[in-house]
Amino acid sequence: MHLSEAVRSLKPSATIAAATKAKELKQQGVKVYEFTLGEPDFNTPQHIRDAALEAMNAGHTHYTPSAGILQLRQAICDTYERDYGVSYKPNQVVVSNGAKHSIHNVLSALCGPGDEVIIPTPYWVSYSALVELTGAVPVLVETTEESGFCLSPEQFEAAITDKTRLLMLNNPCNPTGAAYPVSTLEGLARVAVKHRIPVLSDEIYEKLIYDGSEFRCFATLHPEVKDLTIVVSGVSKAYAMTGWRIGWTLAPVDVTKAMDNLQSQQTSNPCSISQYAALAALNGPQECIDEMLAKFVERRSYVLGRLREIPHITFAEPGGAFYAFFNVSHYFGKPLQGGVVVNDATEFCTALLEQGNVALVTGDAFGAPGYVRLSFATNIETLAAGIDRLAEFLNPAT
Ligand code: PMP
Ligand code: GLU
């Protein structure tokens, strides 16, 4: 059949593709040390699962308003008021099928052919693909390990043209773990206000912050920036709820209305049962976040300690999220375990999976050649065994 131009050049999500490959190997009976997918390994907390059962039994198994049930939209507003002191009303909220869907809604509402969207690299793999689906052009601005992988206000301003429709910011960042300093965020907000550039602020990792770094919601950074900000977040990472598919946007009323219209035509509403589960997540006890965070703190420090022991690997310490993103380019062109020679990060990941049964994601997928991403959202025993194997894989060349 004739495929549309939009999908012909569309590649599958590299993170999901890497995870699928690892799962296939596992099904063949191979013991794979899997660090691909960015999702907490914990089960969703009990009280949230209970709320979903109660919702089903109470008959909440029907269509809901397309932007989501009012109680959930109100709970989202209450959460932002409580956590960040920023006021939103339920008519500024659209609940969607995961934050990925929320991002798609924002891009579809704001961008079209000929428009430009500024994306700092390294970026989460779906950003550029979702921009391209709208016909807009991703304008990639490189950030480096030396700058902690943070976009500077000067870089942002220099990338603005009269076609710029949006800046996509991800704080804390997947894949780098960069947690932006407040002063940098304030500088970015000033540039956005000066040039009236909307900002999609993807804050899905907002609760996963390390070493006492401060998280600030982008909408709070400048008195005039809220009207230019579309906050994206959700329950996937903070409450270990990736499978429930609940994300949201907080935005000015006109953009919210446009996204609500779009969603009502495209997908009706997000799953009713998941909405009640998300309601319980936001309104219920929050200790579960601290408990999971404590595990991530332990894993992060273990992984960084181990990586520091491996010669010639470099990285910027992740201040948030649950990824170690490190440069392995020293090892290109040199014989590794089994005499294998690799020339880029994609070949590196393929060879590491074949030789050591360790699954990472190539930095090429994130616009960062020479780097690989390791998700430490898994237990220490698996991390220990996997990093042992990574070290063995590199050993002949060290
Ligand atoms: N943004 C970033 C930066 C992510 O890493 C992810 C990955 N899950 C998402 C958005 C999408 O999250 P969700 O599972 O809620 O669609
Ligand atoms: N965001 C996660 C990751 O980067 C989940 C996979 C995906 O949605 O791409 O691994």
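Now for a description of the structure that goes with this document. (Residues numbered from 1 in each chain as written. Chains lettered and ligands numbered in written order. Predicted model: local features only at pLDDT ≥ 70, side-chain atom pairs only at ≥ 80, totals over all residues. Heavy atoms only, no water.)

**What to know about the overall build of the protein chain**
As a reminder of what qualifies: Strands here are runs of E lasting at least two residues and helices are runs of H or I lasting at least four, both read from the DSSP assignment and numbered beginning at the N terminus. Throughout, radius of gyration means the C-alpha value; the globule benchmark is 2.2 Å times the number of residues raised to the power 0.38. Contacts are assigned to residue pairs with any non-hydrogen atoms lying within 4.5 Å of each other. Areas reported here follow the Shrake-Rupley algorithm with a probe of radius 1.4 Å; residue values treat only the protein chains shown as occluding.
Across its full length, the protein chain holds 13 helices and 13 strands. In terms of C-alpha radius of gyration, the protein chain reaches 21 Å, essentially the compact-globule figure of 21 Å for 398 residues. Taken along its principal axes, the extent of the C-alpha atoms in the protein chain is 60 × 55 × 55 Å. Pairs at least 24 apart in sequence give 73% of the contacts found in the protein chain among residues at least 6 apart. Accessible surface for the protein chain amounts to roughly 16,300 Å². Of this, 52% is attributable to carbon and sulfur atoms.

**Examining helix α5 (residues 99-110)**
Every α-helix carries 3.6 residues per turn, so stepping three or four residues along brings you back to the same face. Here is the rule: An expected span of 1.5 Å times one less than the residue number is assigned to each helix. Each residue gets one of three labels from its accessible area relative to the maximum for its type: buried under 20%, exposed over 50%, partly exposed in between, using a 1.4 Å probe on protein chains only.
Between its terminal C-alpha atoms α5 stretches 17 Å, which fits the 16 Å expected from 12 residues at 1.5 Å a residue. Turning to α5, its buried residues number three or more, namely A99, H101, S102, I103, H104, N105, V106 and L107.

**Brief notes about helix α2 (residues 14-27)**
Test applied: Each direction from the helix axis to a C-beta atom contributes to the arc, which is the arc of those directions.
Compared with an ideal rise of 1.5 Å per residue, which puts 14 residues at 20 Å, α2 spans 20 Å between its outermost C-alpha atoms and is within 8% of the ideal. Looking only at α2, the buried set comprises T15, A18, A19 and A22. Looking straight down α2, one finds that the buried residues subtend no more than 95° of arc, so they occupy a single side. On the buried face of α2, the contacting elements are β1 (33-34), β11 (358-359), β12 (361-362) and β13 (371-375). Just downstream of α2, G29 is the residue with a positive phi angle, here 95°.

**A look at the packing of aromatic side chains**
We describe a pair of aromatic rings using the distance from one ring centre to the other and the angle between the two ring planes. To be explicit about the condition: Paired rings are identified among Phe, Tyr and Trp, the last through its six-membered ring, by centres lying within 6.5 Å, and are further divided according to the angle between planes into stacked (under 30 degrees), edge-to-face (over 60) and tilted (the rest).
Counted under the stated rule, the structure contains 14 aromatic pairs. Note on F149 and Y371: the rings are 5.7 Å apart at their centroids and 80° apart in plane angle, and the pair reads as edge-to-face. Linking F149 in the loop between β4 (137-142) and α7 (153-159) with Y371 in strand β13, this pair joins segments that are 222 residues apart in sequence. Here F149 and Y371 have matching classes, each one buried. Measuring from centroid to centroid gives 6.5 Å for Y210 and F376, while their planes differ by 50°, and the two rings are tilted. Pair noted here: Y210 is in the loop between β6 (199-202) and β7 (229-234) and F376 is in the loop between β13 and α13 (380-394), with a separation of 166 residues, a long-range link. Residues Y210 and F376 agree in their burial class; the two are buried. Here a set of aromatic residues connected by ring pairs shows up, and it is made of F42, Y205, F296, F322 and Y323.

**A closer look at a nonpolar patch on the surface**
Going by this rule: Patches here are clusters of residues that have more than 30% relative accessible area and form no salt bridge, with a 9 Å joining cutoff for like charges and a 5 Å cutoff for nonpolar side chains (Val, Leu, Ile, Met, Phe, Trp, Tyr). One side-chain nitrogen of Lys or Arg within 4 Å of one carboxyl oxygen of Asp or Glu is enough to make a salt bridge.
A cluster of nonpolar residues, L3, V7, L10 and L133, forms a patch on the protein surface that exposes about 310 Å² of accessible area. Take V7: it is sitting in helix α1 (residues 5-8).

**Focus on the nonpolar core**
Filter applied, for reference: Within this scheme, the nonpolar core is defined by two criteria: the residues are buried Ala, Val, Leu, Ile, Met, Phe, Trp, Tyr or Cys, and they are joined through side-chain atoms within 4.5 Å.
Counting residues in hydrophobic clusters, the biggest one holds 136 residues, and the most contacted among them are F156, M168, Y239, F326, F348 and L374. Element by element, the count of residues in this core is highest for helix α11 (residues 287-309), at 8 residues. Leave out the neighbours within four places in its chain, and Y239 touches T44, P45, I48, A281, L282, Q286, C288, I289 and M292.

**Considerations on the sheet that holds strand β10 (residues 323-327)**
Threshold: By the convention used here, strands pair only if DSSP detects at least 2 bridges between them.
Spatial ordering of the open sheet is given by β9-β10-β13-β12, a layout of 4 strands whose pairing is antiparallel. Each end of this open sheet is capped by a strand with a single partner; those strands are β9 (314-315) and β12. With 2 bridges joining them, β12 and β13 adopt antiparallel strand pairing. Each residue of the ladder has a partner; that of V361, found in β13, is R373.

**Topic: the environment of T164**
As a reminder of what qualifies: Polar contacts, as counted here, are pairs of nitrogen or oxygen atoms within 3.5 Å of one another; within protein the pair requires one atom able to donate a hydrogen and one able to accept it, and residues that are adjacent in sequence qualify only if both atoms are side-chain atoms.
Of note, T164 is situated in strand β5 (residues 164-170). T164 sits in the buried class, given a relative accessible area of 5%. As a C-alpha pair, T164 and A136 span 28 residues in sequence and 9.7 Å in three-dimensional space. Beyond its immediate chain neighbours, meaning those up to four positions away, T164 contacts E116, I118, A159 and I197. A polar side-chain atom of T164 sits 2.8 Å from the main-chain amide nitrogen of T161.

**Some thoughts on unusual backbone geometry**
Look at the link from T121 to P122: it is a cis peptide, with omega at -10°. In this structure, P122 sits in the loop between β3 (116-121) and α6 (126-133). The phi dihedral of R196 falls on the positive side, at around 50°, and the residue is not glycine. Within the fold, R196 resides in the loop between α8 (182-195) and β6. The backbone of R245 shows a phi angle near 60°, a positive value even though the residue is not glycine. Mapped onto the fold, R245 is located in the loop between β7 and β8 (247-250).

**Some details on the pairing of β3**
To keep it simple, the criterion reads: For a crossover, the right-handed case is the one in which the path from the first strand over the helix to the second runs clockwise, viewed with the strands pointing away from the viewer.
With 6 of 6 residues buried, β3 is to be regarded as a mostly interior element. Both faces of β3 are covered, namely the face carrying E116, I118 and P120 and the face carrying V117, I119 and T121. Pairing analysis gives 6 bridges linking β3 to β4, with the strands arranged parallel. Residue E116 lies in a different strand from β4, and its bridge partner there is V137. In the classification by handedness, the crossover that spans β3, the intervening α6 and the parallel β4 is right-handed. Judged from the 3 bridges that link them, β3 and β5 form a sheet pairing that is parallel. For E116, the partnering residue across the bridge sits in β5 and is T164.

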